[in-house]
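Spelled out, the chains give:
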Amino acid sequence: SESGGIVGFLEVILSDFARLETETSTAEDQAASAYEKFMDETNEDIAVKTTESDHKTAKKRDVDADTESLKKELELTQDELDAANAYYDKLKPDCVDNGLSYTDRVRMREEEIQSMKEALNILDQQDLV
């Protein structure tokens, strides 16, 4: 009867061990599957983020180059504007009304034209001589 009890006890231990081994194997397979899934998702995420980073780096480089080009263009345009303003300031006194009325300016212009005609006539006479 004791041998039947020991054999029965060993059979219970064996069945418990077999159940525990099955549960452990199943849990380990699930954990391995979860790990593989996690690693696949992580590797994919890393690849996507690396690609995004590369694109953003290239875009930043292009934007920096465009910005530098635009700064140079702005500087050249500003130099042109400064030169044009300086020329405008130089011309301004010639164009500003010096207190002369319109009729006075017309009279002065006509006198200037008459003087030039006389000078032309003198030159023409000299050419004939």
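Report on the accompanying structure. (Residues numbered from 1 in each chain as written. Predicted model: local features only at pLDDT ≥ 70, side-chain atom pairs only at ≥ 80, totals over all residues. Heavy atoms only, no water.)

## Some points on the overall build of the protein chain
Which entries qualify depends on this criterion: Helical segments are the DSSP runs of H or I of at least four residues, strand segments are the runs of E of at least two, and each set is numbered from the N terminus. When we talk radius of gyration, it's over C-alpha atoms, and the globule rule is simply 2.2 Å times the number of residues to the 0.38. Burial here depends on accessible area, computed with a 1.4 Å probe over protein chains only, as a share of the maximum for the residue type. Under 20% is buried, over 50% is exposed, and the range in between is partly exposed. Note that accessible areas follow from Shrake-Rupley with a 1.4 Å probe, and for residues the cover is restricted to the protein chains shown. Residues scored as charged are limited to Lys and Arg (positive) and Asp and Glu (negative), so that His and the chain ends carry no count. By convention, the point assigned to a charge is CZ for Arg, NZ for Lys, CD for Glu and CG for Asp.
What the protein chain contains, in helices and strands, is two helices and zero strands. Over its C-alpha atoms the protein chain spans a radius of gyration of 51 Å, topping by over 25% the 14 Å that the globule rule assigns to 129 residues. Considering only C-alpha atoms, the protein chain reaches an extent of 160 × 40 × 15 Å along its principal axes. Counting only residues that meet the buried cut, the protein chain has 0% of its 129 residues in that class. When the accessible surface of the protein chain is summed, it comes to about 12,000 Å², and 58% of that surface belongs to carbon and sulfur atoms. Of note, the protein chain has its 15 positive side-chain charges centred 11 Å away from the centre of its 33 negative side-chain charges.

## A few points about a nonpolar patch on the surface
Here is the rule: Surface patches are drawn from residues lacking salt bridges whose relative accessible area is over 30%; two like charges belong together within 9 Å, two nonpolar side chains (Val, Leu, Ile, Met, Phe, Trp, Tyr) within 5 Å. For this document, the term salt bridge refers to a Lys or Arg side-chain nitrogen within 4 Å of an Asp or Glu carboxyl oxygen.
A contiguous nonpolar surface patch, about 400 Å² in accessible area, is contributed by Ile 6, Phe 9, Leu 10 and Ile 13. Turning to its location among the elements, Ile 6 is positioned in helix H1 (residues 2-95).

## Digging into the environment of Val 106
For Val 106, the position within the fold is in helix H2 (residues 102-128). When the C-alpha positions of Val 106 and Gly 5 are compared, they lie 141 Å apart, and in sequence the two are 101 residues distant.

## Concerning the environment of Glu 111
As for its placement among the helices and strands, Glu 111 is situated in helix H2. Given the relative accessible area of 45%, Glu 111 is considered partly exposed. Taking the C-alpha atoms as reference, Glu 111 lies 52 Å from Lys 71; in sequence the two are 40 residues apart.

## Re the pattern of salt bridges
For the structure on display, the rule yields seven salt bridges. In this structure, the salt-bridge partner of Arg 19 is Glu 23, at a minimum N-O distance of 3.4 Å. Linking Arg 19 with Glu 23, this pair stays in helix H1, spanning four residues, or about one helical turn. One connected set of salt bridges, linked through shared partners, spans Asp 16, Arg 19 and Glu 23.

## Regarding a negative patch on the surface
A contiguous patch of negative charge, built from Glu 36, Asp 40, Glu 41 and Glu 44, is present on the exposed surface. Along the chain, the position of Glu 44 falls in helix H1.

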